[in-house]
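This is what each chain is made of:
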Amino acid sequence: MLNRIIIMGRLTRDPELRRTQSGTAVTSFTLAVDRDFKSKETGETACDFIDCVAWRNTAEFVNNYFTKGRMAVVEGKLQIRPWKDKDGNNRRSAEVIVDQMYFGDSKRDGAAPAGNYGNSYGSGSYSAPTDSYATAQGGYGMPSAGSSEFAEIDDVDGELPF
């Protein structure tokens, strides 16, 4: 069977990091996801609020780098969880169990630290090599991570090199 979901939206509140009795990290958050169409009455785009749960390293990554209002892309599985309310009635809740989470906005739009990116393994963050590492390895031929300067390429004859 196939159970995959990919959603993109903004966090409605800061993630909540908790730990199970065995010490496993778990983070809960809600994404506000716009629908593809506008209401005929108001002309406004409707929004769905989707609960998400991340576990282990992914939970710590989400808690460390995502805050309220930040755009996020979540990939995971849809889970329907039954529960009983205070009156004993059977209820069901839908939530996304997060496998991977990515930044959905640019660094300028959000508050992500430089060099930290979500990866496709859901294991937290990726840090780019430091400038000292690049220098020790002979450089990468690119500006350093903190540099915003780019060198102009001399256009000798206007021909492309390929």
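The preceding data block contains the structure.
Just so it is clear, the structure is predicted and the values come from calculations on it, not from any experiment.

Conventions adopted
- Residues numbered from 1 in each chain as written.
- Predicted model: local features only at pLDDT ≥ 70, side-chain atom pairs only at ≥ 80, totals over all residues.
- Heavy atoms only, no water.
- Buried < 20%, exposed > 50% of the residue type's maximum accessible area, 1.4 Å probe, protein only.
- Helix = DSSP H or I, 4+ residues; strand = E, 2+ residues; numbered from the N terminus.
- Arc of directions from axis to C-beta.
- Contact = heavy atoms within 4.5 Å.
- Polar contact = N/O pair within 3.5 Å; in protein donor to acceptor, adjacent residues only side chain to side chain.
- Salt bridge = Lys/Arg side-chain N within 4 Å of Asp/Glu carboxyl O.

Colleague: Report on helix α1 (residues 56-65), specifying residues and quantitative values.
Modeller: All buried positions along α1 are accounted for by T58, A59, F61, V62 and Y65. Within α1, the buried residues cover an arc of 165 degrees as seen down the axis, which keeps them to one side. In α1, the exposed positions angled more than 90 degrees off the buried face are occupied by R56 and N64.

Colleague: Lay out the environment of E44 in plain terms, naming residues and giving numbers.
Modeller: Its place among the elements puts E44 in the loop between β3 (25-38) and β4 (45-55). For E44, the contacting residues outside a window of four places in its chain are F37, K38 and S39.

Colleague: Can you explain the side chain of D105? Please cite residues and give values.
Modeller: Structurally, D105 can be placed in the loop between β6 (90-103) and β7 (116-118). Overall, the relative accessible area of 13% leaves D105 in the buried class. At a separation of 2.6 Å, a polar atom in the side chain of D105 contacts the side chain of R70. A polar atom in the side chain of D105 sits 3.3 Å from the backbone nitrogen of M71.

Colleague: An account of the pattern of salt bridges is needed here, citing residue identities and associated values.
Modeller: When the charged atoms of two side chains with opposite charge come close together, those side chains can pair. By the definition in use, this model includes 10 salt bridges. When the shortest N-O distance is used, the salt bridge between R13 and E16 registers 3.2 Å. Here R13 falls in the partly exposed class, since its relative accessible area comes to 29%. Judged by its relative accessible area of 38%, E16 is partly exposed. What emerges from the salt-bridge pattern is a single network uniting R4, E75, K77 and D99.

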